[in-house]
Amino acid sequence: MPKVKHLKRSAVTAVVDSKLIKHSKPSSRVLEILRKVRREYQANRDPTYAAWSKKYMRNKFEFFGLKFPKRRALDKQVISASPILDVEDIYDLVGLLWQQEEREFHYFAIDYAVKFRDVLSCDAATCLRSVECGRQLLITNSWWDSIDLFTPKVIGYFGSKYPKEVIPILDQWIKDDNMWLRRSAILHQLNYNENTDKERLFRYCLLTGHEDEFFIQRAIGWALRNYLRYNRKDVKEFVKKNEAKLSPLSVKEALKHA
């Protein structure tokens, strides 16, 4: 069985702030889940698809080469056969997974956080700690895939559950120097559908509409296009009124299905 190092807390805090960690080292429960994930991924790796995935992601990450249906099945298998973790163990597990080289570990961390997001937000104080943990993940090993998977299902969920506590943080993220946090703020309402706070969405779009950054321009267009399904009139009016303040790409993406 592949060995997993008993990392000292200083190693884990490269991803997860030490304030979020209770144990001096990851528990046996956490390490066993990591071993199971590694064992299953290694047994099912596909070098050809791994090479394709690495190229597709611009050589930013290594891959086992697991296609989505296979990886999701393996993830469910591991989670169902593992003990349910408490909040502190979840922080440890996610932090350790995020330090692994292969991108599929990061996807597992996201899937795990999504499945147990109610544990991570069992009360307002815990939710705020989890948002800070999420922030560390979003700015570490960052690329569009992790941002887009994690933000709507985790950060957005926290925002809908504890809006008074979480939304002010997102109001800070939209002005943050880190581009991925700004993208996350723009996209956090993707699953809110008809409950989208349109004023906040429109304000975030205007705050970042001047940017040349491709991933911000696409995020604006995606967020507006998604909300257009529930409020066609207001989105079209917003885009028309502010077309000069938005990039051509954002406008095109927003009105793609108008």
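Our subject is the structure listed above.
Counting of residues starts from 1 at the beginning of each chain's written sequence and follows it residue by residue. Per-residue local features of the predicted model are confined to residues with pLDDT of at least 70, and side-chain atom pairs are confined, for both listing and counting, to 80 or more; whole-chain, interface and lining totals are unaffected and use all residues. Remark: hydrogens and water are excluded; side-chain values derive from all non-hydrogen atoms of the structure.

Peer 1: So what about the packing of helix H7 (residues 124-138) against helix H9 (residues 163-173)? Which residues, and what values?
Peer 2: With their axes 10 Å apart at the nearest point, H7 and H9 run at an angle of 25° to one another. With respect to H9, the axis of H7 lies roughly parallel. As H7 packs across H9, the resulting crossing turns out to be right-handed. Only Glu165, Val166, Ile169 and Trp173 of H9 make contact with H7, whose side of the interface consists of Ala124, Cys127, Leu128, Val131, Arg135 and Leu138. Within the contact of H7 with H9, the residues separate by chemical class into eight nonpolar, no polar and two charged. Orientation is described by axes fitted as lines to C-alpha atoms, over the contacting stretch for helices, and by angles from 0 to 180 degrees between their N-to-C directions. In this text, helices come from DSSP runs of H or I with a minimum length of four residues, and strands from runs of E with a minimum of two, each type numbered from the N-terminal end. When describing relative orientation, an angle under 35 degrees is termed roughly parallel and one over 145 degrees roughly antiparallel, while 65 to 115 degrees is termed roughly perpendicular and anything else oblique. Throughout, a crossing is termed right-handed when the near helix is turned clockwise from the far one, and left-handed when it is turned anticlockwise from it by less than a right angle. The contact rule is simple, with two residues in contact once any of their heavy atoms fall within 4.5 Å. Three classes are used, and their members are as follows: Ala, Val, Leu, Ile, Met, Phe, Trp, Tyr, Cys and Pro are nonpolar, Asp, Glu, Lys and Arg are charged, and the others, Gly among them, are polar.

Peer 1: Go over the pattern of salt bridges with me, naming the residues and quoting the values.
Peer 2: Salt bridges are identified by distance alone: a Lys or Arg side-chain nitrogen within 4 Å of an Asp or Glu carboxyl oxygen. Under the definition given, this model contains 19 salt bridges. The closest approach of N and O atoms between Asp75 and Arg71, which form a salt bridge, is 2.9 Å. Separated by four residues within a single helix, Asp75 and Arg71 lie in helix H4 (residues 68-80), roughly one turn from each other. Only protein chains enter the accessibility calculation, which uses a 1.4 Å probe; a residue whose area is less than 20% of its type maximum is buried, one above 50% is exposed, and one in between is partly exposed. By relative accessible area, Asp75 is classed as buried at 2%. Across the salt bridge formed by Glu253 and Arg218, the nearest N and O atoms sit 3.9 Å from each other. Taken together, the positions of Glu253 in helix H14 (residues 248-254) and Arg218 in helix H12 (residues 214-228) put the pair 35 residues apart, joining distant regions of the chain. Overall, Glu253 belongs to the buried group, its relative accessible area being 7%.

Peer 1: Summarise the layout of surface pockets; cite the residues concerned and give the values.
Peer 2: The volume enclosed by the largest pocket comes to roughly 530 Å³. As for the largest pocket, its lining consists of 23 residues, and the residues nearest its centre are Tyr56, Met57, Tyr107, Trp144 and Asp145. Of all the secondary-structure elements, those providing two or more residues to the lining of the largest pocket are helix H3 (47-56), H4, helix H6 (103-115), helix H8 (144-161) and H12. Counting residues per element, the lining of the largest pocket draws most heavily on H12, at five residues. Here the residues of the lining of the largest pocket are counted per class, giving 13 nonpolar, one polar and nine charged. Using a 1 Å grid laid over the protein atoms alone, points where a 1.4 Å probe fits but cannot get out form a cavity; open sets with protein on both sides within 12 Å along at least 5 of 7 lines form a pocket; any residue with an atom within 4 Å of a point counts as lining. Grid points are joined across faces, edges and corners, and a volume is the space filled by probe spheres set on the points.

Peer 1: Can you explain the environment of Met179? Please cite residues and give values.
Peer 2: As for its placement among the helices and strands, Met179 is situated in helix H10 (residues 179-187). With relative accessibility at 14%, the residue Met179 sits in the buried group. Note: C-alpha distance between Met179 and Ala254 (75 residues apart in sequence) is 20 Å. Apart from the residues lying within four places of it in its own chain, the contact partners of Met179 are Glu213, Phe215 and Ile216.

Peer 1: So what's going on with the environment of Ile169? Residues and values would help.
Peer 2: Of note, Ile169 is situated in helix H9. A sequence separation of 41 residues divides Ile169 from Leu128, and the C-alpha atoms of the two residues are 9.2 Å apart. Leaving out residues up to four positions away in the same chain, Ile169 has contacts with Leu128 and Val131.

Peer 1: Got a sec to walk through empty space enclosed by the protein? Specific residues and values, please.
Peer 2: With a probe scaled to a water molecule rolled over the atoms, the places where space remains empty come into view. Across all of its chains, the model carries two cavities of 30 Å³ or more by this definition. Lining the largest cavity are Ile90, Tyr91, Val94, Ala113, Leu120, Ser130, Cys133, Gly134, Leu137, Phe150, Val154 and Phe158. Among the secondary structure elements, those contributing two or more residues to the lining of the largest cavity are helix H5 (87-99), H7 and H8. Top element by residues in the lining of the largest cavity is H7. It accounts for four residues. Of the residues contributing to the lining of the largest cavity, the split by class is 10 nonpolar, two polar and no charged. Counted as a void, the second largest cavity has a volume near 40 Å³. As for the second largest cavity, its lining consists of Ile186, Gln189, Leu190, Thr196, Leu201, Ala223, Asn226 and Tyr227. Taken together, the residues of the lining of the second largest cavity break down into five nonpolar, three polar and no charged.

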